[in-house]
Amino acid sequence: MRARTRLRIKRGLATLRLAARGGARYAGSAPRLFAAAGEHRERLRNDLALRTAEDVTDTLGTMKGVLMKLGQMASYVDDGLSPAARRTLSRLQDSVPPMSPELAAQVVTEELGLPPERAFATWDPQPIAAASIGQVHRAITHDGRAVAVKVQYPGIAETIEADLGNVALLRRMLRIVAPRQDVGALLAELRERITEELDYRREAINQQLFADYYRGHPTIHVPDIVPELSTRRVVTSELADGARFAELATWSQAERDLAAETIYRFVFRSLYEAHAFNGDPHPGNYLFGGGGRVTFLDFGLVKHFTPDELGPLVSMVKHLCVEHDPEAFRRAMEQAGFLAPGAPLPTEQVVEHMAVFYDTVRERGPRTMTGEYASAVTRRFFDFRSPLAAYAAIPRSYVILQRINLGLFALLGELSATADWRGIAEEIWPFVQGPACTPIGEAEATWKAARKVPVHH
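The structure presented is a predicted model; accordingly, all values stated were derived computationally and were not measured.

Grouped burial of nonpolar side chains is what soluble globular proteins tend to show. Tyr 264, Phe 288, Phe 296, Tyr 358 and Trp 421 are the most contacted members of the largest nonpolar core, which has 71 residues in total. In terms of residue count, the dominant contributor to this core is helix α13 (residues 253–274) (10 residues). Those residues in contact with Trp 421 that sit more than four places away from it in its chain are Ala 260, Glu 261, Tyr 264, Thr 360, Val 361, Gly 365, Arg 367, Met 369 and Leu 412. Residues Met 99, Val 107, Ile 156 and Ala 204 belong to the second largest nonpolar core, which totals 28 residues.

It is at 11 Å that the axes of α13 and helix α20 (residues 439–450) come closest, and there the two elements cross at 35°. As α13 runs across α20, the sense of the crossing is right-handed. Taking contact as the criterion, the partners of Leu 258, Glu 261, Thr 262, Arg 265, Arg 269 and Glu 273 in α13 are, on α20, Ile 440, Gly 441, Glu 444, Trp 447 and Lys 448. Taken together, the residues of the contact of α13 with α20 break down into 3 nonpolar, 2 polar and 6 charged.

A few words now on the confidence of the model for the protein chain. Considering every residue of the protein chain, the mean pLDDT works out to 78; 68% of them sit at 70 or more. For residues 71–82, every residue scores under 50 in pLDDT, and the model assigns this stretch 21 contacts once sequence neighbours within four places are set aside. Within the model, the stretch residues 88–95 combines pLDDT values under 50 with 19 contacts to residues more than four positions away or in other chains.

What follows concerns unusual backbone geometry. In this structure, Asp 298 is a non-glycine residue whose phi angle is positive, near 70°. Here Asp 298 lies in the loop between β9 (293–296) and β10 (302–304). Look at Asp 298 and you get buried, because its relative accessible area is 10%. The phi angle at Ser 416 is positive, at roughly 50°, despite the residue not being glycine. With respect to the helices and strands, the residue Ser 416 is situated in the loop between α18 (399–414) and β12 (418–419). You can call Ser 416 partly exposed: its relative accessible area is 32%.

Reading guide: rules and limits
Counting restarts for each chain: residues are numbered from 1 in the order of the written sequence. In keeping with the predicted nature of the model, local features appear solely for residues at pLDDT of at least 70, side-chain atom pairs appear and are counted solely at 80 or more, and the whole-chain, interface and lining totals rest on all residues. Only hydrogens and water are set aside; all other atoms, that is, all heavy atoms of the structure, feed into the side-chain values. We define a nonpolar core as any set of buried Ala, Val, Leu, Ile, Met, Phe, Trp, Tyr and Cys residues linked to one another through side-chain atoms lying within 4.5 Å. Only protein chains enter the area calculation, which uses a 1.4 Å probe; residues under 20% of their type maximum are buried, those over 50% are exposed, and those in between are partly exposed. Runs of E in the DSSP output that reach at least two residues are strands. Runs of H or I that reach at least four are helices, and both are numbered from the N terminus. Any two residues whose heavy atoms approach within 4.5 Å at even a single point are treated as in contact. Axis definition: a line fit to C-alpha positions, over the contact stretch in the case of helices; interaxial angles, taken between N-to-C directions, run 0 to 180 degrees. We call a crossing left-handed when the near helix sits turned anticlockwise from the far one by less than a right angle, and right-handed when that turn is clockwise. Throughout this entry, Asp, Glu, Lys and Arg are counted as charged residues, while Ala, Val, Leu, Ile, Met, Phe, Trp, Tyr, Cys and Pro are counted as nonpolar. The remaining residues, Gly among them, count as polar. Confidence scores labelled pLDDT are given residue by residue by the predictor and lie between 0 and 100.

Printed below as a string of structure tokens:
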């Protein structure tokens, strides 16, 4: 208890020092951003607000816990599930009732040592968005910055810990989602990633890593973290404005194509260069500004890859798509653990089964991502009737990779996005480093030449 009190006092003093430094000086853009964010406020009804930690536990115990996450994964398995139903399952988090203003303020006070109206110069008690395990408020700091403040639901950590402790139930669920996989390894990876997601301090570190990496990029933006106002259950970052995914879907096809190109570049440049993957391709995690400009939000689920983990992935795409060497591709699959060594299957069958995953980058030229293609990739991924299924596996290191691949294809399929995906990939692949093939690529090449590349972790 004394340690917690000391922490509160320390946080309170840090905030007071911030206030003393900044006074009531407002940055020129802060009030405008503050107002704009309010225009995008989700329709979160106050009369349904969660008012106590017990409300949170009761209401969100099944919706927000690990079982819901597994349910979202399981939704990919059923071929008969309509795209609309699948989208509904994946967006459950958007319809969660908000915390009451008093309950959100209680969490902020416990974490920062001051009530929100004192910790910030301006505080909006109504949330502007739902987050996966919390909700987002807009505020202005005492030194005039417009910020988004993500506040974690009280009690959610205990709820998820209880879910993670129910090993028998989790094993049964995972056998539905991935019946031929190493359930123990999947469970270990799930536990590690979700436990990380509960600690906003880790999310803040991950988000700042991406913000630093993409600083100055022509179309990719990641909001900076405000570290002195971020703790285990509260994370404060620069407030960003932009259109939501549903609004982007009403824009011209040309605008949708540009946005999709930026998302694609972000995913694979992060993997190949920063060696990090933001593993939550949820439509709510993007804001769109036109001309291909995309702001990326929510870095609670980030996987960092070691050179040993990344090497086989690089080898697989190089051997299949560039060198056209099926046997080398098969050996790389075995090295990564995707395929059992010596499986009694001809290499042509292995390539045929896997080709759908690389279909968009095997040849140059424009290619439209469709919902049908995204569904075909998902069906192939979960094709337990295939002769390959008995010898294939998802190694623990790549569980998150497969999740974002499936999510990325689904997202681009919703946009019916067209691009020369192979040309864009060649710009990013470390073994090609091809020339820019689009206007965004040219702007990106200029950015890349001018910046000092942060060291990846």
